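Examination of the molecular architecture
If you want the building blocks of each chain, they are given just below.
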Amino acid sequence: MDHIFSDRISDVPKSFLREILKTTVNEDVISFAGGLPNRDLFPIQEIKKASIKVLDEFGGDALQYSTSEGYSELRKWISERYASKMGLTVNPDNILITTGSQQGLDLIGKTLINESESVAIEEPGYLGAIQAFSLYRPNFLPIPLHFDGLDLEALRFASERYAIKLIYAVPNFQNPSGLSHSDENRDEVARILSGSQTIFVEDDPYGELQFRGEKRRSYYSRIPEQTILLGSFSKIFAPSLRIGWMVAPNRLMEKLIIAKQASDLHTNYFGQRILFQYLTDNNLDLHITKIRAKYSKQKDAMVAAISKYFPKEIRYSDPDGGMFLWAILPEGISSRAVFDLAIEKKVAFVPGDPFYVNRTNANTMRLNFSCVDEETIEIGIRRLGKIISDFIT
Ligand code: PMP
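Predicted, not measured: the structure shown is a model, and the values here were computed from it.

This part is about the site of the ligand. Residues in close proximity to the ligand total 14 residues, the closest being Asp203, Tyr206, Ser232, Ser234 and Arg242. The contact in question runs from a nitrogen atom of the ligand to an N or O atom on the side chain of aspartate 203, over 2.6 Å. Between the ligand and the protein, one listed contact pairs an oxygen atom with a side-chain N or O atom of arginine 242 at 2.7 Å. Coverage of the ligand by the protein chains reaches 91% of its 400 Å² of free accessible surface. Residues belonging to the shell around the ligand are distributed by class as follows: 5 nonpolar, 6 polar and 3 charged.

So, in structure tokens, the structure goes:
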């Protein structure tokens, strides 16, 4: 049977995350395993109004085929937001609307990766990027991610030894760890890469969900000619619309648009029009403020519960934003084994394994806080703390 499949797809690591999520849908399981935005915050009435308005006012236009680059008004809106929020000058011509930022990853793979070329990726890293790039059969170079950012020695070593085609990272409130690259770390990473052939893929779906601290300057502002910056409306609006974007330098844009055309002609145009109508008639900042306030409280509840109930030797991130927290068990303890016990006691998380290119029985765990209310977080973390304590003693 295997011979009917392409080598390309046969090489892609099977996601055991899906299997894990299946075991956690049970109603009485307290699940920190998910990775979804909180559905209670979706602006349902506003989306309803925007949809009706688009149909009433633009009718057939909004339902017709459209351009591969994306709706020009939406690209302009994104460009203006970069200017006002991040002080970044981005020409709308350098913005390509994608079907979620996940498609951006696939288009990058299609456009830039030849088989066996080196792709550096932070480790732990976003599972969806590992999967998307795997289809193009690269040689992955894992670069360890520490509490303050990328391991500079490992990056220097890799960049001296290999022709790194691209490096992928989520520098703000990463999935899975909640960790961010510090400004000093970004400076050094940019210095190492500057002037090389390497493209930095800066995936930033969580940057706007910052609870505290200073905003850090993007890689795009440091090495613009070498950076592709990915953004998404999934975490600040609604993921089902599947609307994201990529910012790329001129020299890459033309080929990325060809790849986009070949993939799906263009991103759902009706969705883009509804989104733009929403952005015109509502204040997105107010909406994001609500999301931040909610997630920030949930994060605080999780950190407070962990410090109360987890054994003291467990290290964990205390994220400044985003949706995830990372816990590190003592060396040699498999979080998969802990997961099996946790499921019996009706509490779930994601064991670290799928976030590594090539590692099993990792001692790490991803905990999502965006979908569980504060009281339930306390109950779940207490349960988990007991399981971990029993396991490691
Ligand atoms: N990058 C990261 C780091 C993510 O966590 C996700 C979604 N979980 C994506 C990209 C893809 O998001 P979307 O396609 O919905 O924009």
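Attention now goes to the sheet that holds strand β13 (residues 350-351). Strands sit in the order β10-β11-β14-β13 across an open sheet of 4 strands; the sheet is antiparallel. Only two strands of the sheet have a single partner each, and these edge strands are β10 (315-316) and β13. As judged from the 2 bridges shared by β10 and strand β11 (residues 324-328), these two strands associate in the antiparallel manner. By the bridge assignment, arginine 315 is partnered in β11 with isoleucine 328.

This paragraph deals with unusual backbone geometry. Looking along the chain, the bond that leaves glutamate 123 and enters proline 124 is cis, with omega of 5 degrees. Secondary-structure assignment places proline 124 in the loop between β3 (118-123) and α6 (127-134). Residue proline 176 follows asparagine 175 across a cis peptide bond; omega there is 20 degrees. Structurally, proline 176 is set in the loop between β6 (164-169) and α8 (183-193). Positive phi, close to 55 degrees, is recorded for arginine 137, a residue that is not glycine.

Thresholds applied
- Residues numbered from 1 in each chain as written.
- Predicted model: local features only at pLDDT ≥ 70, side-chain atom pairs only at ≥ 80, totals over all residues.
- Heavy atoms only, no water.
- Near = heavy atom within 4 Å.
- Polar contact = N/O pair within 3.5 Å; in protein donor to acceptor, adjacent residues only side chain to side chain.
- Areas by Shrake-Rupley, 256 points an atom, 1.4 Å probe, with all protein chains shown as cover.
- Nonpolar A, V, L, I, M, F, W, Y, C, P; charged D, E, K, R; others polar.
- Pairing = 2+ DSSP bridges.
- Helix = DSSP H or I, 4+ residues; strand = E, 2+ residues; numbered from the N terminus.

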